[in-house]
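Analysis of the macromolecular model
Letter by letter, the chains look like this.
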Amino acid sequence: MSLWNIFAKDTHGALKKYASRVANKRAQAPDRWEAIKVLAEMKNEEAVAALLVRFTYTTDPSITDQEEKDAVFDAVLDAKEVSVAPVKRFLARAESLGWPLKLLEALLNEQEVLSELLAVLEKMDTEYERDPQRKIQILVVLEERSDPRIGEVVERFVEDVNETARFHAVGVLLAQSDSERFQERLMNLLGHEESLRVRARILDGFAHKGWSVKPLGKALNLPVGYRLNPHGVPQKA
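Cut-offs and rules
- Residues numbered from 1 in each chain as written.
- Predicted model: local features only at pLDDT ≥ 70, side-chain atom pairs only at ≥ 80, totals over all residues.
- Heavy atoms only, no water.
- pLDDT = per-residue confidence, 0-100.
- Helix = DSSP H or I, 4+ residues; strand = E, 2+ residues; numbered from the N terminus.
- Contact = heavy atoms within 4.5 Å.
- Buried < 20%, exposed > 50% of the residue type's maximum accessible area, 1.4 Å probe, protein only.
- Polar contact = N/O pair within 3.5 Å; in protein donor to acceptor, adjacent residues only side chain to side chain.
- Axes fitted to C-alpha atoms, helices over the stretch in contact; angles between N-to-C directions.
- Parallel < 35°, antiparallel > 145°, perpendicular 65-115°, else oblique.
- Arc of directions from axis to C-beta.
- Salt bridge = Lys/Arg side-chain N within 4 Å of Asp/Glu carboxyl O.

Moving on to the confidence of the model for the chain. Across the chain, the average pLDDT comes to 93, with 95% of residues at or above 70. The least confident element of the chain, judged by mean pLDDT, is helix α1 (residues 3-23) at 71; the most confident is helix α10 (residues 163-175) at 98. The model gives residues 1-8 a pLDDT under 50, and that stretch makes one contact with residues more than four places away or in other chains.

This is the structure we're talking about:
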């Protein structure tokens, strides 16, 4: 066996050993700290992927948990472009978007981050799922962004089985600079949407933009607290 093969084997063994420690929430804190430091020095995709696992659980005391996660965050950023692919994969499967999104925002520009969010959302369904939180988190994040690509991906979620997903999908469409593209779709949604909260959000959006709902005619059943002005624009009573 060549010296290179021996070195590669030793490196792989060390990576596996320290990755296991980082992933073990019941490990002693000093052991996890040592593992984080060793993996941080490796600066390869496998080591970054191993470090990212630390964001998937919490430990007590909370101050130690936060310190470890901050150290992992810094280590991942320090690996620079090496971290991009592992972080993208982590975003695609993570239960919570908080850390992977924060990392991507530090590693990539705004357009690249948005592309990743939309790519994840495009793979999601509007049917029932046991835990829709990842989808909801993405929709919440997109409410703070405006881009011509967003509406095309988000529009179908106004018919999502989950009421909270519908609520935020409506918010995303209303937040777009080209929101008039979805005016008719949102108005028609008022005719059959059962959630008072979602209907109120649509009405508030129409009120803010000065959009009329007159075309709905008798199909419009205004919630208590709303009325139409002479031009058919909803207003709060």
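Moving on, there is more to tell.
Here the focus is helix α8 (residues 133-142). Within α8, seven of the 10 residues are buried, which leaves it mostly tucked inside the rest of the structure. Turning to α8, its buried residues are R134, K135, I136, I138, L139, V141 and L142. Where α8 is buried, its residues meet α5 (84-93), α6 (98-107), α7 (110-122), α9 (148-154) and α10.

On to the side chain of K135. The residue K135 is located in helix α8 in this model. A distance of 2.9 Å separates the side chain of K135 from the side chain of E129, its partner in a polar contact. Residues within four places of K135 in sequence aside, it is in contact with L121, M124, D125, T126, E127, E129, F157, D160 and A165.

Attention now moves to the packing of helix α2 (residues 29-42) against helix α4 (residues 62-78). Running from N to C, α2 and α4 point in directions that differ by 10°, and their axes come no closer than 10 Å. The angle between the axes of α2 and α4 places the two elements in the roughly parallel class. Residues A29, R32, W33, I36 and A40 of α2 pack against T64, E67, E68, A71, V72 and A75 of α4.

P61 follows D60 through a cis peptide bond whose omega is -5°. Looking at where P61 falls in the secondary structure, it is placed in the loop between α3 (45-52) and α4. In this model, K80 sits at a positive phi of 55°, which is unusual for a non-glycine residue. Summarising the element assignment, K80 is placed in the loop between α4 and α5. With a relative accessible area of 53%, K80 lands in the exposed category.

Taken together, the buried positions of α5 are V84, P86, V87, F90 and L91. Each buried residue of α5 lies within a common arc of 165° when the element is viewed along its axis, so the set occupies one face. Here the buried face of α5 lies against α3, α4, α6, α7 and α8.

In this section: the pattern of salt bridges. Applying the stated criterion across every chain yields a total of 20 salt bridges. We note a salt bridge from D78 to K43, for which the minimum N-O separation is 3.0 Å. With D78 in helix α4 and K43 in the loop between α2 and α3, this residue pair connects regions lying 35 residues apart in the sequence. For D78, a relative accessible area of 43% corresponds to the partly exposed category. K43 gets classed as partly exposed once you look at its relative accessible area, which sits at 37%.

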